[in-house]
Amino acid sequence: MDGSLDAEKIAAYFKGKSILVTGATGFLGKILVEKILRVQPDVRKIYLLVRAIDAESAKQRVEAEVTDAELFCLLREKHGKGGFELFVDEKIVPLAGDVIFENMGLDAPMLEELAKEVDIIVNGAATTNFYERYDVALDVNVMGVRYLCQFAKKCANLKMLLHVSTAFAAGDREGLIMEKPFKKGETLKEGTYLDIDVELHLVGDVKKELLQDGVGSGDHDKTERKAMKELGLQRSRHFGWSNTYVFTKAMGEMLLGQLHGAIPVVILRPSIITSIFRDPVPGWMQGTRTIDTIIIGYAKQNLSCFLADLELTMDVIPGDMVANAMMAAMVAHSGEEGAEVMYHTTSSLRNPAPYGVLYESGRRHFYENPRLGKDGRVIPTKEMHFFKTIASFHLYMLVKYKLPLEILHLVNLLLCGLFSQLYEDLNRKYKFVVHLVDVYGPFAFFRGCFDDMNLERLRLTMAATSPEEDLFNFDPKTIDWNEYFYKIHIPGILKYVLK
């Protein structure tokens, strides 16, 4: 990384560049694509790899899920309706493919064109389900990295590969967590060694065993799905990770470190990505974050309790700041042969936000702006109870739900199965809630703090020479969390998630 960066230099870098983006239909992918098009209209091409059966389906999916989003409103205003469509058609190239396939499922002519044209690869494709099937998570989060690396080595003019991971790939640690890539075989549990090929073979062996058991086709699919989900959690915890998502993202980082060779690589580890802070649309978001359950429960008044310690820090970072950091990092490390740099795009060290700030902002918002029910009446805002430990939550569930369930079970036996259906339904729901706590509990009580010294060094290279420098702001210290949650994030949830 040579010299200083400024907004003009970052925007200028993308002029004439061709960029391949995976995961563009996701929240962060959309923000990045919009930002590049807005700040550098002379970008050559942005290739978007999306799951689709053919080119026409890919085009329709990109229109429906990416460019039709309100996120692109400033570009629509700038170009006008017809002009915007022409601009998008000229700059964006939808590709029907998938990272889970070798050569991304693309045909030879398209692969050859990409290899000649692409300057930058941004890998944002991922399955983020904590309780994902192990085979699916390995395909997307691990094998996807392998196939992208193979393709990257065929690109004649490639200057950079940026891989989006997650800060929580570092595991459920306490204290300061450094911006440090995983080494080959490294795990979080002493005495274990992680061999990715062994994990891939294990999945294949388990699937073969299930087939040999001769379960019927319908039952087999259900049995295999359950077995793959349980295998993912089992293997994650065997090596010290809490869930399949963060475990396979860590494996993806590890594989990238082994395979990238001379290709300059940046691994970006965001924490919980929240709604847009500044531009183009403050509050815009897609999907639900774990922390938003508090707000959604408050809004609907259907959640009386929640698993969280209000004094603990929830590491969150707005989506536009993550996209800004991505663009700055691409420019900073373009062409650095063999480089492997990791950035934590996080807030817990520079500007920590406790869960209590989100909760109090929610209380304030709903007391001042009460929700109306379908009948037009005000929905009363009730207080929410928080469990500071998983043990206290389990005790609550035992007294409030499990004991009454056992009484119902006994009555059901005495009445010859009269309440069998009711008991089965309630017991299934109880087990589901307990399972959710098992999977998400470690995340809710995360006590680590992410060091962001590398990102701070990158920030320090950003020469503030004009008001336009805010165009690529990724400094969490500029956020007042109370104001952000109250005026931007919570209204964003209500507008874009609870439509």
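The structure under discussion appears in the preceding block.
This one's a predicted model, so the numbers in the text were calculated from it and none came from an experiment.

## Digging into the overall build of the protein
Summing up its helical and strand segments, the protein has 17 helices and 13 strands in all. For the protein, whose C-alpha radius of gyration is 24 Å, the value lies close to the compact-globule estimate of 23 Å for 499 residues. Viewed in the frame of its principal axes, the protein has a C-alpha envelope of about 75 × 60 × 45 Å. Residues counted as buried form 53% of the 499 residues belonging to the protein.

## Remarks on empty space enclosed by the protein
Evaluation of the coordinates by the stated rule reveals three cavities of 30 Å³ or more. One number sums up the size of the largest cavity: a volume of about 60 Å³. Residue lining of the largest cavity: F168, I272, T313, M314, D315, Y355, F443, F446 and G448, and that is the complete set. Split into classes, the residues belonging to the lining of the largest cavity amount to six nonpolar, two polar and one charged.

## Observations regarding the sheet that holds strand β3 (residues 92–96)
Neighbouring strands of a sheet are bound in pairs by backbone hydrogen bonds; such pairs are parallel or else antiparallel. If you walk across this open sheet you meet the seven strands as β3-β2-β1-β4-β5-β7-β11, and the pairing is parallel. With partners counted over all chains shown, the strands left at the sheet margins are β3 and β11 (340–345), one partner each. Going from strand to strand, the sheet's axes swing by 20° on average, the running direction of each strand aside. Here strand β2 (residues 45–50) runs beside β3; their pairing, made up of five bridges, is parallel. Bridge pairing links V50 to A96 in β3. On the sheet, helix α5 (residues 81–91) packs against β2 and β3 and is oriented at approximately 55° with respect to β3.

## Points about the nonpolar core
Judged by nonpolar contacts, the single largest core of 136 residues is most densely connected at F14, L162 and M326. The greatest single-element share of this core, amounting to eleven residues, is contributed by helix α12 (residues 319–333). The contact partners of M326, leaving out residues within four places of it in the chain, are L28, L32, V122, L162, V164 and L268. Counting 28 residues, the second-largest nonpolar core is a separate cluster that includes L49, V93, L161 and I263.

## A word on helix α16 (residues 453–460)
Listed as buried for α16 are N454, L455, E456, L458 and R459. Of the surrounding secondary structure, the elements contacted by the buried residues of α16 are α12 and β11.

Cut-offs applied
- Residues numbered from 1 in each chain as written.
- Predicted model: local features only at pLDDT ≥ 70, side-chain atom pairs only at ≥ 80, totals over all residues.
- Heavy atoms only, no water.
- Helix = DSSP H or I, 4+ residues; strand = E, 2+ residues; numbered from the N terminus.
- Rg over C-alpha atoms; globule rule 2.2 N^0.38 Å.
- Buried < 20%, exposed > 50% of the residue type's maximum accessible area, 1.4 Å probe, protein only.
- 1 Å grid on protein atoms, 1.4 Å probe; cavity = no way out; pocket = protein on both sides within 12 Å on 5 of 7 lines; lining within 4 Å.
- Points joined across faces, edges and corners; volume = space filled by probe spheres on them.
- Nonpolar A, V, L, I, M, F, W, Y, C, P; charged D, E, K, R; others polar.
- Pairing = 2+ DSSP bridges.
- Axes fitted to C-alpha atoms, helices over the stretch in contact; angles between N-to-C directions.
- Contact = heavy atoms within 4.5 Å.
- Core = buried A, V, L, I, M, F, W, Y, C linked by side-chain atoms within 4.5 Å.

Just geometry here; none of it tells us what the structure is for.
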